[in-house]
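Breakdown of the fold
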Amino acid sequence: MHSTVALCLGLLASLAQGVAFNKHAALEDCLSGSKTAVDAIDSDDYTRDVAPFNKRLQFTPATIAVPTTVEQIQSAVACGSKLGYKVTAKCGGHSYASLGLGGEDGHLIIELDRMNSVVLDKETNVATVQSGTRLGHLAAELFAQGNRAISHGTCPGVGISGHVLHGGFGMSSHSRGLALDWVKGMDVLLANGSLIHASAEENKEVYWGMLGAGSNFGIVTSYELNTFEPPANVTWFVASLPLKQNTTVAALEGIEDYVRNTMPAELNMRLYATRQFTQLEGIYQGNKTELEAVLKPFLSKIGGTLATSQTVTWIKGLEHFATVKLNQTYPYTQVQEQFYGKSLELSGLNGTAAKSFADYWFNVAKQETAHWYLQVDFQGGVNSAVWKADSELTSYAHRDKLYIMQFYISTTSTPETGFDFVNGWAEATTSALEADDWGMYFNYPDTQLDRAKAQEMYWGKNLARLQKLKAELDPNELFYYPVSLNPEAALESL
Ligand SMILES: Cc1cc2nc3c(=O)[nH]c(=O)nc-3n(C[C@H](O)[C@H](O)[C@H](O)COP(=O)(O)OP(=O)(O)OC[C@H]3O[C@@H](n4cnc5c(N)ncnc54)[C@H](O)[C@@H]3O)c2cc1C
Ligand SMILES: *[C@@H]1O[C@H](CO)[C@@H](O)[C@H](O)[C@H]1NC(C)=O
Ligand SMILES: *[C@@H]1O[C@H](CO)[C@@H](O)[C@H](O)[C@H]1NC(C)=O
Ligand SMILES: *[C@@H]1O[C@H](CO)[C@@H](O)[C@H](O)[C@H]1NC(C)=O
Ligand SMILES: *[C@@H]1O[C@H](CO)[C@@H](O)[C@H](O)[C@H]1NC(C)=O
Ligand SMILES: *[C@@H]1O[C@H](CO)[C@@H](O)[C@H](O)[C@H]1NC(C)=O
Ligand SMILES: *[C@@H]1O[C@H](CO)[C@@H](O)[C@H](O)[C@H]1NC(C)=O
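Just so it is clear, the structure is predicted and the values come from calculations on it, not from any experiment. (Residues numbered from 1 in each chain as written. Chains lettered and ligands numbered in written order. Predicted model: local features only at pLDDT ≥ 70, side-chain atom pairs only at ≥ 80, totals over all residues. Heavy atoms only, no water.)

**Some points on the nonpolar core**
Counting 125 residues, the largest nonpolar core has Met186, Trp361 and Leu374 as the members making the most contacts within it. When neighbours within four sequence positions are excluded, Trp361 is seen to be in contact with Leu243, Thr248, Leu271, Ala273, Thr278, Lys366, Trp372, Leu374 and Trp425. Listed in part, the 20 residues of the second largest apolar core include Leu27, Val77, Leu108 and Ala191. (Core = buried A, V, L, I, M, F, W, Y, C linked by side-chain atoms within 4.5 Å. Buried < 20%, exposed > 50% of the residue type's maximum accessible area, 1.4 Å probe, protein only. Contact = heavy atoms within 4.5 Å.)

**Section: helix 8 (residues 248–261)**
With 14 residues, helix 8 extends 20 Å between its outermost C-alpha atoms, agreeing within 8% with the 20 Å of an ideal straight helix rising 1.5 Å per residue. Every buried residue belonging to helix 8 is among Thr248, Ala251, Leu252, Ile255, Glu256, Tyr258 and Val259, and all of these are buried. (Helix = DSSP H or I, 4+ residues; strand = E, 2+ residues; numbered from the N terminus. Expected span 1.5 Å × (residues − 1).)

**Some thoughts on the packing of helix 8 against helix 9 (residues 288–302)**
Here helix 8 crosses helix 9 at 150°, and the two axes come no closer than 9 Å. Relative to helix 9, helix 8 is oriented roughly antiparallel. Here Ala251, Gly254, Ile255 and Tyr258 of helix 8 lie close against helix 9, whose contacting residues are Val294, Phe298 and Ile302. (Axes fitted to C-alpha atoms, helices over the stretch in contact; angles between N-to-C directions. Parallel < 35°, antiparallel > 145°, perpendicular 65-115°, else oblique.)

**A short note on the state of the cysteines**
Under the definition given, this model contains one disulfide. A sulfur-sulfur distance of 2.1 Å marks the disulfide that ties Cys30 to Cys79. Taking the sign of the torsion about the S-S bond as the criterion, the disulfide between Cys30 and Cys79, at about -85°, is left-handed. On the criterion of sequence distance, the pair formed by Cys30 in helix 1 (residues 2–33) and Cys79 in helix 3 (residues 70–82) is long-range, its members being 49 residues apart. The exposure class of Cys30 is buried, given its relative accessible area of 16%. The cysteine Cys91 is free of any disulfide, with Cys155 supplying the nearest cysteine sulfur at 12 Å. (Disulfide = S-S within 2.5 Å.)

**Focus on the sheet that holds strand 3 (residues 108–111)**
The strand order across the open sheet built from three strands is 1-3-2, with neighbouring strands paired in parallel fashion. The open sheet has two edge strands with one neighbour each: strand 1 (63–65) and strand 2 (87–90). Each neighbouring strand pair of the sheet contributes to a mean axis angle of 25°, computed without reference to strand direction. With three bridges connecting them, strand 1 and strand 3 associate as parallel partners. (Pairing = 2+ DSSP bridges.)

**Notes on the sheet that holds strand 15 (residues 403–410)**
The strand order across the open sheet formed by eight strands is 12-9-11-10-14-15-13-16, and the pairing between neighbours is antiparallel. At either margin of the open sheet sits one strand with a lone partner, and together these are strand 12 (305–313) and strand 16 (438–439). With eight bridges joining them, strand 13 (residues 339–346) and strand 15 adopt antiparallel strand pairing. Of the residues in strand 15, the one forming a bridge with Lys342 is Phe407. Packed on one face of the sheet, helix 8 meets strand 10 (267–273), strand 14 (372–378) and strand 15 and runs near 135° to strand 15.

**Quick look at the site of ligand 3**
Around ligand 3 sit Leu190, Asn192, Ser194 and Leu473, and those are all the residues in its vicinity. Note that an oxygen atom of ligand 3 is positioned 2.3 Å from one of the side-chain N or O atoms of Asn192. For the shell around ligand 3, the residue count by class is two nonpolar, two polar and no charged. (Near = heavy atom within 4 Å. Polar contact = N/O pair within 3.5 Å; in protein donor to acceptor, adjacent residues only side chain to side chain. Nonpolar A, V, L, I, M, F, W, Y, C, P; charged D, E, K, R; others polar.)

**Let's talk about the packing of aromatic side chains**
One pass over the structure, following the stated rule, counts 29 aromatic pairs. Between Tyr360 and Phe421, the ring centres sit 6.1 Å apart and the planes meet at 50°, which makes this aromatic pair tilted. Within this pair, whereas Tyr360 is found in helix 11 (residues 351–363), its partner Phe421 is found in helix 13 (residues 415–430), the two being separated by 61 residues in sequence. For the pair Tyr360 and Phe421, one class covers both residues: buried. For the pair Trp372 and Phe421, a centre-to-centre distance of 6.1 Å together with 40° between the ring planes defines the contact as tilted. Here the residue Trp372 occupies a position in strand 14, and Phe421 occupies one in helix 13, the gap between them amounting to 49 residues. With respect to burial, Trp372 and Phe421 carry one shared label: buried. (Phe/Tyr/Trp six-rings, centres within 6.5 Å; stacked < 30°, edge-to-face > 60°.)

Right, here's the structure in full:
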């Protein structure tokens, strides 16, 4: 009895393997027929392209295709679609959940980082940017070609696509908005094989959906970006904020009042804490004298002191937060860390919620010896360009939130302990909040959420409309990943 069962299972398994093998061979044939290069297993290219930023989440793709033209992207996607593979675009590979590798094994990966041209039109100041470009290369080129810029995050290896399709907050965002606010238009390859142009005038619903949830609907091949002329000089700064358990709630309430009502547009700032220290850091679009006039009265109210500041050129300001060289192109060796991270987008943090957050910080986090950090980006406020932008134009669901908060812990030894640590802190923070006052940021995705919860957290009030668009554009879920928009949910509610 026993052995028969085992035999049958063995036979079924080998049959399944045979099918998988043929399917895979057919994929390789299809790709080579369409003249799309693939990374040979164990080549240097494969080793670099398969390496995720988060080493905890290594997945094995079916194949990594490396197109260098739009036609090759189209053919490669058609091959995957025809042969029943899930297809995933990878740009900078910096997703916290390794979503650029599909977030699971077996996807056909469309590796885009060979396609990184940036061309600034000096008449219109609109840049045409291929979708495999990294942020640091984009910044270096915009500046070199015509003294222009967009606002974006701090890490130069991050890819433009993951970043602008889901948000993009950095050290010029309070002054100039999210990275996605600079996207004028884009060319998108849809699941049905059509390459369309989406902008605020053309295919408006696709444009809306792409800017906030873009990984769900298609593969962008190229962007048109509006740009601004950056200030010649900026001043970066660090202020120390030595909080105590009994001063933290008052400090948080002081910060909230300042960020919401007073913080000037020129100031860009975040709170950054580890077990050893807590500081405010940022970039002021002005000189040192002006920075001091703005910052010192605020710092004295919350018990902080300006520790260092320096006026530098725009590019040096970007390099200061990048910590490595800006101009990152192919071949790119992925920086890797092994960690668990989670985000919260919050309307505010005061009273009972602030007390609960602070108690966890001092009673639990200060005792945790694994490396962790807490980061609170000051996204909103009456003077913030993020708040001033039109919230109806894009599907980024948390534009109205004051803070983007991030909890991060290294999980080199025991991941489970890290999960408990981070989730405990987030729960302590949200337990006293109303549901409307918090959500999560897709660009710092949480691997411990189930699909339904994750969609609700990332896309909040826009979820039903996004699911409907998913059902229209990708009903068979060619662009599936573990927390992608669920088209069934839209169909069920019809
Ligand atoms: C070290 C580090 C620093 C960071 N700093 C910041 C920061 O300062 N501010 C901030 O807001 N965020 C920051 N992030 C988060 C970052 O914005 C996101 O991880 C972003 O999604 C990464 O984009 P990527 O292209 O590098 O990632 P990938 O892993 O390549 O892709 C991420 C997602 O986008 C999809 N995608 C990629 N290309 C395309 C395309 N052409 N068309 C459609 N979908 C596509 C992928 O399929 C995947 O779902 C940081 C992340 C890291 C690791
Ligand atoms: C960035 O690096 C690429 C590749 O090395 C190079 O071709 C390009 O000129 C550089 N751009 C700038 C602005 O330095
Ligand atoms: C694909 O879908 C888009 C958007 O709905 C549509 O404009 C286009 O005509 C479709 N293409 C094909 C080949 O059906
Ligand atoms: C920028 O700073 C440099 C010195 O660091 C100075 O010479 C220059 O005048 C400054 N430019 C502006 C516009 O403030
Ligand atoms: C906070 O506690 C310390 C002792 O740990 C005490 O010296 C200080 O006065 C307290 N501060 C406030 C604002 O209660
Ligand atoms: C800083 O800027 C102000 C106003 O723009 C100017 O009056 C002042 O001279 C500048 N200070 C320095 C040190 O450059
Ligand atoms: C306190 O926080 C809530 C969100 O949690 C926010 O709506 C409210 O405006 C905040 N109150 C103050 C006084 O800032």
